[in-house]
Amino acid sequence: MGTPELISARSPRIAAARRLARRNFRGKERRFIAEGPQAVREAAAHRGGDGEPTLTELFATVEAADRYTDIVEAARAAGARVHLADGDVLADVSQTVTPQGLIGVCRFLDSPFEEILAAKPTLVAVLAHVRDPGNAGTVLRCADAAGADAVVLTDASVDLYNPKSVRASVGSLFHLPVAVGVPVEEAVRGLRGAGVRILAADGAGEDDLDDELDAGTMGGPTAWVFGNEAWGLPEETRALADAVVRVPIHGRAESLNLATAAAVCLYASARAQRPRRAD
């Protein structure tokens, strides 16, 4: 077998992929980058609401293509163009310190907020004023793990398609509906209108999560509103909620980071909503 043809560093395809590191180009092209085997595998299996494949292109080193033949074949089966490239070429496109040899170009996949409401969600994570992309992606991953029906990023939050957000979600971005750019007031109003109770998570909350669980008030449809890790939720956002809830600190820790608090809150709701087993 001859040496496979590698895409050049001067290729327009490489230049286009490189530009997706910048938000304005992502918005213009409605494309984003997914890196690594887990993200690319999930992207290859995903289809948008229009039924079209989400993954449009895959760049892979020869070594990665040999190692992850199943992912490359899944990409081809999804109709994605597959390009082999030298490691140095992919490193120039990659947003990671140690590239894993697989970079996918994906179509935007966010869902209209109206569709999320129409699906009658029972557990939703609302990211209000979350500016750190790693936190946003990790909370999305927590929501996916807890079985949430959707995630909403308000217009004051970070770009869903920031490479760090995509990477931190570890593929969960492709698992559940996500609405973006929704004003927090609109998000709360829409969810409440759909019969969803709004709980704001805040370390200074008047209500204690343990007390909420003991009172049996968390079994119904619930949306958790999470704020900025450094300064929490603004007073005007707290005022929109049906209750402002703190995660109790039983030990000596000063506080919990955003992702940990989100995991505790979302799992508490998931457990409260789960039907009890018969004795």
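Residues numbered from 1 in each chain as written. Predicted model: local features only at pLDDT ≥ 70, side-chain atom pairs only at ≥ 80, totals over all residues. Heavy atoms only, no water.

Q: I'm lost on the UniProt feature "domain: RNA 2-O ribose methyltransferase substrate binding" (unreviewed entry) in the protein in this one. Help?
A: Residues annotated by UniProt as "domain: RNA 2-O ribose methyltransferase substrate binding" (unreviewed entry) correspond here to residues 33-112. This span, residues 33-112, is 39% helix and 24% strand, and a straight line between its end C-alpha atoms measures 21 Å. (UniProt positions renumbered as here; feature names shortened; annotations may be inferred. Helix = DSSP H or I, 4+ residues; strand = E, 2+ residues; numbered from the N terminus.)

Q: Help me understand the sheet that holds strand β3 (residues 81-84), please; the structure alone is not making it clear to me.
A: Across a sheet, paired strands are connected by hydrogen bonds in the backbone, their directions being either parallel or antiparallel. Within the open sheet, the 4 strands sit side by side as β1-β4-β2-β3. Their pairing is mixed. Two strands close off the open sheet at either side, each with one partner strand: β1 (31-35) and β3. The average undirected angle you get between the axes of adjacent strands in this sheet is 20 degrees. Relative to strand β4 (residues 102-107), β1 runs antiparallel, the two being bridged by 5 bridges. Note on β4: the bridge partner recorded for glutamate 35 is isoleucine 103. Packed onto the sheet, helix α1 (residues 12-19) meets β1, β2 (55-60), β3 and β4 and runs at close to 105 degrees relative to β2. (Pairing = 2+ DSSP bridges. Axes fitted to C-alpha atoms, helices over the stretch in contact; angles between N-to-C directions. Contact = heavy atoms within 4.5 Å.)

Q: Please clarify how the sheet that holds strand β10 (residues 222-226) should be interpreted in this entry.
A: Reading across from one edge, β7-β6-β5-β10-β8-β11-β9 is the order of the 7 strands in this open sheet, with parallel pairing throughout. Whereas interior strands pair on both sides, the edge strands pair on one side only; in this sheet they are β7 (178-182) and β9 (207-208). Direction of pairing for strand β8 (residues 197-201) relative to strand β11 (residues 243-246): parallel, over a ladder of 3 bridges. Residue pairing across strands places alanine 201 opposite valine 245, the latter belonging to β11.

Q: Mind showing me how you'd approach the environment of phenylalanine 113 here?
A: Along the chain, phenylalanine 113 falls in helix α7 (residues 113-118). Between the C-alpha atoms of phenylalanine 113 and leucine 173, which are 60 residues apart in sequence, the distance is 16 Å. Those residues in contact with phenylalanine 113 that sit more than four places away from it in its chain are Val152, Ala179, Val182, Glu186, Ala187, Gly190 and Leu191.

Q: Sorry if this is basic, but what is going on with the confidence of the model for the protein here?
A: Any region with low pLDDT has predicted coordinates that should not be read closely. Taken over all residues, the pLDDT of the protein has a mean of 92, while the share at 70 or more is 97%. For the protein, helix α6 (residues 87-93) is the element with the lowest average pLDDT, namely 89, and strand β5 (residues 123-127) is the one with the highest, namely 97. (pLDDT = per-residue confidence, 0-100.)

Q: Would you mind going over the pairing of β4 with me for this structure?
A: Two faces make up the sheet, and in a regular strand the side chains alternate between them. The element β4 is largely enclosed, with a buried count of 6 among its 6 residues. Bridge count between β2 and β4: 5 bridges; the pairing is antiparallel. Bridging from a neighbouring strand, glutamate 57 pairs with valine 105 of β4. (Buried < 20%, exposed > 50% of the residue type's maximum accessible area, 1.4 Å probe, protein only.)

Q: Which parts of the structure should I look at to understand a nonpolar patch on the surface?
A: Residues Ile249, Leu256 and Val264 make up a contiguous nonpolar surface patch of about 190 Å² in total accessible area. Residue position: isoleucine 249 is located in the loop between β11 and α13 (258-273). (Patch = residues over 30% accessible without salt bridge, like charges linked within 9 Å, V, L, I, M, F, W, Y side chains within 5 Å. Areas by Shrake-Rupley, 256 points an atom, 1.4 Å probe, with all protein chains shown as cover. Salt bridge = Lys/Arg side-chain N within 4 Å of Asp/Glu carboxyl O.)

Q: Would you take a moment to explain a negative patch on the surface for this structure?
A: On the surface, Glu63, Asp66, Asp86 and Asp88 cluster together to form a negatively charged patch. Its location among the elements puts glutamate 63 in helix α4 (residues 62-67). Glutamate 63 gets classed as exposed once you look at its relative accessible area, which sits at 58%. (Lys, Arg positive; Asp, Glu negative; His and termini not counted. Charge placed at Lys NZ, Arg CZ, Asp CG, Glu CD.)

Q: Please explain the environment of valine 139 as it appears in this structure.
A: Inspection of the secondary structure assignment puts valine 139 in helix α8 (residues 133-145). Along the chain, valine 139 and alanine 262 lie 123 residues apart, while their C-alpha atoms are 6.4 Å from each other.

Q: Where do I start with the pattern of salt bridges in this structure?
A: Should the charged atoms of two oppositely charged side chains come close, the side chains can pair. For the structure on display, the rule yields 14 salt bridges. One salt bridge connects arginine 41 with aspartate 70, and the closest N-O pair in it is separated by 3.8 Å. With arginine 41 in helix α3 (residues 37-45) and aspartate 70 in helix α5 (residues 69-77), this pair connects stretches of sequence that are 29 residues apart. Judged by its relative accessible area of 46%, aspartate 70 falls in the partly exposed class. The salt bridge partner of arginine 197 is glutamate 212, with a shortest N-O separation of 3.2 Å.

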